[in-house]
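# Secondary and tertiary structure notes
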Amino acid sequence: MPKSPLDRIAWLKRLAVEVENLYAALERERDALKERYPEAIMEAVAEKNAMVERIQGLMMECSGWIDPRDPLMRVFEDLEPNRHDQAMAIWAEVCHWAVRCRALNEANGAVIALLQEHNREALALFLDREPFNYGADGQVRVEGSTRLLGAT
């Protein structure tokens, strides 16, 4: 295995920090969604995406010394007992934050979907589904295109 035990533990610690930071970014995204302030939402999404890219970079960094067919923790099997215990504790922390990140990301996604649906409903109020005009005889004539209510 090309990476030393200390390098592997340092990598795992960086991963734990980045996953915890991702959770904090997801919390900021949640707060921005509650405020419904578009600029804050865009900033929060950009921050979240940057965190995800850093985590992906860390995962790519270990691709040379981790076999993707093996469980990630197998790479720590050869550590001496105290370092193995340390790696397992850090891995448990990574898993804890990853589960929380997934749940919060899904909740944020549901809020986004709900806001999008509200926007569609609001637009539907302004769009006349069956545009019409009154003819010279006073009868309603349905047009073939959609137009804004109140538009002439």
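My aim in this report is to walk through the structure given alongside it, one point at a time.

About the thresholds
- Here the residue index of a chain counts from 1 through its sequence in written order.
- Reporting of local features is limited, given that this is a predicted model, to residues whose pLDDT is at least 70; pairs of side-chain atoms are given and counted only at 80 or more, and all residues count toward the totals for whole chains, interfaces and linings.
- Water and hydrogen atoms play no part in the side-chain values, which are based on all heavy atoms of the structure.
- Axis lines are fitted to C-alpha atoms, over the contacting stretch for helices. Their N-to-C directions set the angle, which ranges from 0 to 180 degrees.
- Helix and strand assignments follow DSSP, with helices taken as H or I runs no shorter than four residues and strands as E runs no shorter than two, numbered in order from the N terminus.
- Here the angle decides the label: under 35 degrees means roughly parallel, over 145 means roughly antiparallel, 65 to 115 means roughly perpendicular, and every other value means oblique.
- For a crossing to be left-handed, the near helix must be turned anticlockwise from the far one by less than a right angle; the clockwise case is right-handed.
- Only Asp, Glu, Lys and Arg are considered charged in this grouping, and only Ala, Val, Leu, Ile, Met, Phe, Trp, Tyr, Cys and Pro are considered nonpolar; every other residue, Gly among them, is considered polar.
- Joining through side-chain atoms within 4.5 Å is the link that ties buried Ala, Val, Leu, Ile, Met, Phe, Trp, Tyr and Cys residues into a set, and such a set is a nonpolar core.
- Accessibility here uses a 1.4 Å probe with only protein chains present; expressed as a share of the type maximum, an area under 20% marks a residue as buried, one over 50% as exposed, and anything in between as partly exposed.
- What qualifies as a polar contact is a pair of N or O atoms within 3.5 Å, subject to a donor-acceptor requirement within protein and to the restriction that residues adjacent in sequence count only when both atoms come from side chains.
- The criterion used for residue contact is that any of the two residues' heavy atoms lie within 4.5 Å.
- Stacked, edge-to-face and tilted are the three classes for Phe, Tyr and Trp ring pairs, Trp counted by its six-membered ring, which pair at centre distances within 6.5 Å; planes under 30 degrees apart are stacked, over 60 edge-to-face, the rest tilted.
- Distance and angle both matter: a charge sits over a ring if NZ of Lys or CZ of Arg is within 6 Å of the ring centre and within 35 degrees of the ring normal.
- Salt-bridge detection follows one rule: a side-chain nitrogen of Lys or Arg within 4 Å of a carboxyl oxygen of Asp or Glu.

### With respect to the packing of helix α1 (residues 5–35) against helix α3 (residues 81–126)
Following both chains from N to C, one finds α1 and α3 inclined at 20°, their axes separated by 9 Å at the closest point. The pairing of α1 with α3 is recorded here as roughly parallel in orientation. In the packing of α1 onto α3, the handedness of the crossing is left-handed. Across the contact of α1 with α3, the residue classes tally to 21 nonpolar, 3 polar and 8 charged.

### Quick word on the nonpolar core
Ranked by size, the top nonpolar core spans 22 residues in total, and within it W11, L12, L15, V19, L22, V94 and C101 carry the most contacts. Those elements that place two or more of their residues in this core are α1, α2 (38–61) and α3. Top element by residues in this core is α1. It accounts for 10 residues. A32, L33, A44 and L115 belong to the second largest nonpolar core, which has 6 residues in total.

### Considerations on the side chain of N108
Structurally, the position occupied by N108 is in helix α3. Look at N108 and you get buried, because its relative accessible area is 2%. At a separation of 3.1 Å, a polar atom in the side chain of N108 contacts the main-chain carbonyl oxygen of L26. When near neighbours in sequence (up to four residues on either side) are disregarded, N108 contacts L26, E29, R30 and L33.

### Some points on the packing of aromatic side chains
Evaluation of the coordinates by the stated rule reveals 1 aromatic pair. When the centroid spacing of 5.2 Å and the interplanar angle of 55° are considered together, the rings of Y23 and W97 count as tilted. One end of the pair, Y23, is in helix α1; the other, W97, is in helix α3, with 74 residues separating them in the sequence. What makes Y23 buried here is its relative accessible area of 10%. Judged by its relative accessible area of 15%, W97 is buried. One residue, R100, lies across the ring of Y23, its end atom 4.4 Å from the ring centre.

### Looking at the pattern of salt bridges
Following the criterion strictly, the structure yields 7 salt bridges and no others. Taking the shortest distance from any N to any O, the salt bridge between E47 and R28 comes out at 2.4 Å. Of this pair, E47 sits in helix α2 while R28 sits in helix α1; the two residues are 19 residues apart in sequence, bridging distant segments of the chain. With relative accessibility at 25%, the residue E47 sits in the partly exposed group. A salt bridge links R83 to E80; the nearest nitrogen and oxygen atoms lie 4.0 Å apart. The class for R83 is partly exposed, based on a relative accessible area of 27%. Take E80: its relative accessible area is 43%, and that puts it in the partly exposed class.

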